[in-house]
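Chain by chain, the residues:
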Amino acid sequence: MATAASLVSSPYKMTSVKDLAESPGLSSIPSAYTFRKNQNDQQSSISDPEPDDSIPIIDFSLLISSCPEQRYKIIHDLGKACQEWGFFMVINHGVPESLIKSMMDTCKRFFDLTEEEKREFEGKAVLDPIRYGTSFNASVDKVLFWRDFLKVFVHPQFHSPAKPSEFREIAMEYCRRTREVARELLRGISESLGLDASYIDKTLNLDSGLQILVANFYPPCPQPNLAMGMPPHSDHGLLTLLIQNENGGLQLQHNGKWVNVNASSNSFMVNTADHIEILSNGKYKSIVHRAVVNNIRTRISLAMAHGPSLDAIVSPAQELMDRENQVPGYVGIKYKKYLELQQSNQLDNKSCLDRARI
Ligand code: OGA
Ligand code: NI
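None of the values given here were measured: they were computed from a predicted structure.

## Comments concerning the overall build of the protein
Here is step 1: Helix and strand counts for the protein come out as 12 helices and 14 strands.
Here is step 2: The C-alpha extent of the protein, read off along each of the three principal axes, is 65 × 45 × 40 Å.
Here is step 3: Out of the 358 residues in the protein, the part that is buried amounts to 54%.
Here is step 4: Across the protein, every contact between residues at least 6 apart in sequence was considered, and the portion connecting residues at least 24 apart equals 79%.
Here is step 5: Of the accessible surface of the protein, which amounts to about 15,900 Å², a share of 50% is contributed by carbon and sulfur atoms.

See below:
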């Protein structure tokens, strides 16, 4: 087996962090993985006045309830969560726990394939429908991240790696179910903005909306405080629904502090993304988040990114601006172009969205 030092030697044949973490006697990380956290980063602690149990919880069953009062209240809560946090947990979403477990298991089996098998799915361009890789964008990352990933475009056209053999069938069902949840949440979000429930769906053509499955693999890291799984960033698209195996690692930036999120099992961690910020003309800001690593267990997370149709041009909703006499704070930009920009540059806070600000 290669030594840790030789593992990162060639930028073209990047070593996965899985192989790196498994190299015998690894007690420190190669310098390419040293990530300088911002000196001013404030961590929320147990004594913090805002513990993570204040993270909003949305009961999905109320959102689809036929009782108008219940729906009115949950839409209000959803709007408040989007405005104050850009993040919420969704419970009672109706996606079977067994399906969620099978999906996590098949993702794990993907990462357990040999490096040679996984490299078949390496992909070349950032918009290739199946892409296995490490870090974020290893050809431009200044620092490497302690993360391997698999990204698969699963809607409007469904793609799947050919291995593991059961992946296709499980992923197809999981993606269909999560897409339904996301679309219902987006109906609620539209309403919370005072727009027609179908506004986002229609304007951004969600019948052809892009859905990307992103499986993240973070193996134990010998120096977790020096490395980063995913650096601070906001997501492209509208809504990301995230699940993880039993290990935490997701942190949110809230009121200038990093807040740990520990989801109860069987709930989705949902964050609003850049195109909700554009559409709402800055009312619902996309949340900056990151993934930290640990030195004990492998963490796997699965993010389902839900975006507009690739050729939709997203700009602030005219109806909102007319009603509230606002001027647009963002230029209209084609989702495909935005996605290309975001995926081919370094992942750095909201640097991609900043390009669309007026
Ligand atoms: C992402 C992401 C966080 C995590 O995939 O965009 O932010 O906890 N993941 O893995
Ligand atoms: Ni993210």
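## Details of the side chain of glutamate 115
Here is step 1: Take glutamate 115: it is sitting in helix α6 (residues 115-119).
Here is step 2: Other than its neighbours up to four places away in sequence, glutamate 115 contacts Ser16, Asp19 and Tyr132.

## Quick word on the pattern of salt bridges
Here is step 1: For the coordinates displayed, the defined rule picks out 21 salt bridges.
Here is step 2: A salt bridge links glutamate 22 to lysine 18; its shortest N-O distance comes to 3.2 Å. Separated by four residues within a single helix, glutamate 22 and lysine 18 lie in helix α2 (residues 17-22), roughly one turn from each other.
Here is step 3: Look at glutamate 22 and you get partly exposed, because its relative accessible area is 46%.
Here is step 4: Residue classification places lysine 18 among the buried residues on the basis of a relative accessible area of 11%.
Here is step 5: Among the ionic pairs, lysine 108 bridges to aspartate 112, the shortest N-O distance being 2.8 Å.

## Some remarks on the pairing of strand β12 (residues 299-309)
Here is step 1: With respect to burial, β12 is a largely interior element, 11 of its 11 residues being buried.
Here is step 2: Note: strand β5 (residues 209-218) against β12, nine bridges, orientation antiparallel. Considered in β12, the bridge of leucine 213 is made with methionine 304.
Here is step 3: With six bridges joining them, strand β7 (residues 239-244) and β12 adopt antiparallel strand pairing. Paired with glutamine 244 across the bridge in β12 is serine 301.

## Here we look at the coordination of the nickel ion (ligand 2)
Around a metal, the idealised angle for a tetrahedral arrangement of four donor atoms is 109.5 degrees; for an octahedral arrangement of six donor atoms it is 90 or 180 degrees.
Here is step 1: Taken together, His233 (NE2), Asp235 (OD) and His289 (NE2) make up the protein donors of the nickel ion (ligand 2), found 2.1 to 2.2 Å from the metal.
Here is step 2: The sequence pattern describing where the donors of the nickel ion (ligand 2) fall on their chain is H-x1-D-x53-H.
Here is step 3: Take aspartate 235: its relative accessible area is 12%, and that puts it in the buried class.

## What about the nonpolar core?
Here is step 1: One finds Tyr174, Leu185, Ile200 and Leu213 to be the most contacted residues of the largest nonpolar core, which totals 67 residues.
Here is step 2: The biggest single contributor to this core is helix α7 (residues 167-192), with 10 residues.
Here is step 3: With near-sequence residues (within four places) excluded, leucine 185 lies in contact with Phe60, Leu63, Leu78, Phe88, Val90, Leu239, Leu241 and Val270.
Here is step 4: In terms of nonpolar packing, the next biggest core, distinct from the first, is built from 21 residues, Val259, Met269, Ala305 and Tyr335 among them.

What counts and how
- Residues numbered from 1 in each chain as written.
- Chains lettered and ligands numbered in written order.
- Predicted model: local features only at pLDDT ≥ 70, side-chain atom pairs only at ≥ 80, totals over all residues.
- Heavy atoms only, no water.
- Helix = DSSP H or I, 4+ residues; strand = E, 2+ residues; numbered from the N terminus.
- Buried < 20%, exposed > 50% of the residue type's maximum accessible area, 1.4 Å probe, protein only.
- Contact = heavy atoms within 4.5 Å.
- Areas by Shrake-Rupley, 256 points an atom, 1.4 Å probe, with all protein chains shown as cover.
- Salt bridge = Lys/Arg side-chain N within 4 Å of Asp/Glu carboxyl O.
- Pairing = 2+ DSSP bridges.
- Donors = N, O, S within 2.8 Å, 3.2 Å for Na, K, Ca; no water.
- Core = buried A, V, L, I, M, F, W, Y, C linked by side-chain atoms within 4.5 Å.

Keep in mind that these numbers describe shape and distance, not what the molecule does.
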